[in-house]
Amino acid sequence: MARRTDEPLVLGIETSCDETGVGIVRGHTLLADAVASSVDEHARFGGVVPEVASRAHLEAMVPTIQRALKDAGVSAKDLDGIAVTAGPGLAGALLVGVSAAKAYAYALGKPLYGVNHLASHICVDQLEHGALPEPTMALLVSGGHSSLLLAPDITADVRPLGSTIDDAAGEAFDKIARVLNLGFPGGPVIDRYAREGDPDAIRFPRGLTGPRDPIYDFSFSGLKTAVARWIEAKRAAGENVPVADVAASFQEAVVDVLTRKAVRACKDHGVDHLMIGGGVAANTRLRAMAERRCEDAGITLRVPRPKLCTDNGAMVAALGAEMVARGRASSSWDLSADSSLPVTESHVPGHGDGHGHGHGHGHGHDHDHFHELSKDNLYS
Ligand SMILES: Nc1ncnc2c1ncn2[C@@H]1O[C@H](COP(=O)(O)OP(=O)(O)OP(=O)(O)O)[C@@H](O)[C@H]1O
Ligand SMILES: [Mg+2]
């Protein structure tokens, strides 16, 4: 395949949680997706320990960047920009990525793009299915978030329609796995057990699906409690807990609500595409049920391959490349990590100090940017 060199070549760095991800893309083409995970180091604690994650990012950063460059077969000097997750996520973990991105961008004289982790989870689908339709309806389901988002422009205009009022979907999977003693993270293992179980064995509650409930919001805390109580009752009665049936029935309740509300949002807003992103989008039952319900409703479903659903650097590079392609302002050098960056802020541009100006792709601005910065820092 002829290589398109007119599309932006961007390296993306992701460190918001426990994966150190470095991806390289050219426009919508994935060239490298290197991930180093510290998940094994957290497993014995049953959740991610922020300090352990930060230290692991620090150790993995340079080797992972080198591996990505080697895999992509590109030289760092040819990059058109460096993108990094500026938030939301764990503050200390984000800081490692932001610091590394700044160091590389500064040393190489490349524009820096601090981008939103959640918008990246959506934008990654451009690597799989090409340009996102505008607007895109996205169901974002991950370890920390469950939201329905309407995005007329993924680089600049993302509108939340609804979100969870308590636990995120992934968090519910992790908690139920813990109650069942299945280890951490819970999503993949519950997904596996559920394949052997009966999804209709136990009728668990569907949160916020009553006629007076908010249409696009989610709640998984009541479900979590119901499942935990059901398991406790079995144990108290000295009976065996049918793990596969519990996993399948719990998963069914989550997936039923997610897909029902997502399809409803598409219909209400006249959007004929649904994108599902975030770690829980790797769930096989969610993918199957969404496929069926979307087909019934005449909606085209877009879900990236599982590896691109969980945290990775390619998704950050994908959003960075879109920022470059659209001439969005690059970030200023005082870019900081924002652990609670709102989903409405796709990227974190400059603070009006003259550095965060737009960089049209291919116009040779990289060096100007570098010079301005050097001058300011050295002489002012
Ligand atoms: N096959 C699966 N089925 C269900 N859940 C899954 C599956 N695979 C992963 N998950 C869940 O996805 C979550 C991790 O996803 P992701 O990496 O996007 O989350 P995060 O980065 O921790 O959170 P956020 O993106 O909100 O900051 C975990 O809760 C995990 O249990
Ligand atoms: Mg994530």
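Sequence order as written defines residue numbering, which begins from 1 separately in each chain. The order in which chains are written sets their letters, starting at A; the order in which ligands are written sets their numbers, starting at 1. Under the rules for a predicted model, residues below a pLDDT of 70 receive no local features and side-chain atom pairs below 80 are neither given nor counted, while totals for whole chains, interfaces and linings still include all residues. No hydrogens and no water enter the side-chain calculation; it runs on all heavy atoms of the structure.

A. Geometry of the coordination of the magnesium ion (ligand 2). Every protein donor of the magnesium ion (ligand 2) is listed here as H117 (NE2), H121 (NE2) and D311 (OD), and their distances to the metal cover 2.0 to 2.3 Å. One can describe the donor arrangement at the magnesium ion (ligand 2) as octahedral, given that its six donor atoms subtend angles of 81 to 170 degrees at the metal. Each donor residue of the magnesium ion (ligand 2) belongs to the same chain, and together they define the spacing H-x3-H-x189-D. A residue pair is termed long-range when its members are at least 10 positions apart, and H121 in helix α4 (residues 117-123) and D311 in the loop between α11 (306-309) and α12 (313-325) qualify at 190 residues. Relative accessibility thresholds used throughout: buried, under 20% of the residue-type maximum; exposed, over 50%; partly exposed, between the two (1.4 Å probe, protein chains only). With relative accessibility at 1%, the residue H121 sits in the buried group. Note that water is not among the atoms used; donors are N, O and S atoms within 2.8 Å of the metal (3.2 Å for Na, K and Ca), so sites may look incomplete. In short, tetrahedral needs four donors with all angles between 85 and 135 degrees, square planar needs four and octahedral six donors with opposite donors over 155 degrees apart and all other angles between 65 and 115, and whatever is left is irregular. Note on conventions: DSSP H or I runs of at least 4 residues are helices, E runs of at least 2 residues are strands, and numbering of each starts at the N terminus.

B. Quick peek at the pattern of salt bridges. The salt bridge definition used is simple: a Lys or Arg side-chain nitrogen within 4 Å of an Asp or Glu carboxyl oxygen. Under the defined criterion, the tally for this structure stands at 19 salt bridges. Notably, a salt bridge pairs K175 with D167, separated by 3.4 Å at the nearest N-O pair. Across the salt bridge formed by D256 and R260, the nearest N and O atoms sit 2.8 Å from each other. Here D256 pairs with R260, and both are found in helix α9 (residues 243-269), just four residues apart, close to one helical turn. Look at D256 and you get buried, because its relative accessible area is 7%. For R260, a relative accessible area of 36% gives the class partly exposed. Counted as one network, the salt bridges with shared partners bring together E134, D153, E322, R326 and R328.

C. The arrangement of the sheet that holds strand β4 (residues 81-87) in detail. Strands are labelled as partners when DSSP assigns at least two bridges between them. Read from one edge of the open sheet, six strands run β3-β2-β1-β4-β5-β11, paired in mixed fashion. Only two strands of the sheet have a single partner each, and these edge strands are β3 (29-37) and β11 (347-348). Where strand β2 (residues 19-26) and β3 come together, eight bridges link them in antiparallel fashion. Note on β3: the bridge partner recorded for V25 is L30. We call two residues contacting when some pair of their heavy atoms lies within 4.5 Å. Orientation is described by axes fitted as lines to C-alpha atoms, over the contacting stretch for helices, and by angles from 0 to 180 degrees between their N-to-C directions. Those strands touched by helix α3 (residues 91-108) are β1 (9-14), β4 and β5 (112-116), and its axis lies near 160 degrees from that of β4. Packed on one face of the sheet, α12 meets β1, β2, β3, β4, β5 and β11 and runs near 135 degrees to β1.

D. The arrangement of the packing of helix α2 (residues 50-72) against α3 in detail. Axis separation between α2 and α3 bottoms out at 9 Å; the angle between their running directions is 30 degrees. In this view, α2 runs roughly parallel relative to α3, as classed from their interaxial angle. Both α2 and α3 take part in a crossing whose hand is right-handed. Across from S54, H57, L58, M61, V62 and I65 in α2, the residues of α3 making contact are G92, A93, V96, G97, A100 and Y104. Class assignment of the residues belonging to the contact of α2 with α3 gives a composition of eight nonpolar, four polar and no charged. Any angle that falls under 35 degrees is termed roughly parallel, while one over 145 is termed roughly antiparallel, one within 65 to 115 roughly perpendicular, and all others oblique. Note on convention: near helix rotated counterclockwise from far helix by under a right angle means a left-handed crossing. Clockwise means right-handed. Only Asp, Glu, Lys and Arg are considered charged in this grouping, and only Ala, Val, Leu, Ile, Met, Phe, Trp, Tyr, Cys and Pro are considered nonpolar; every other residue, Gly among them, is considered polar.

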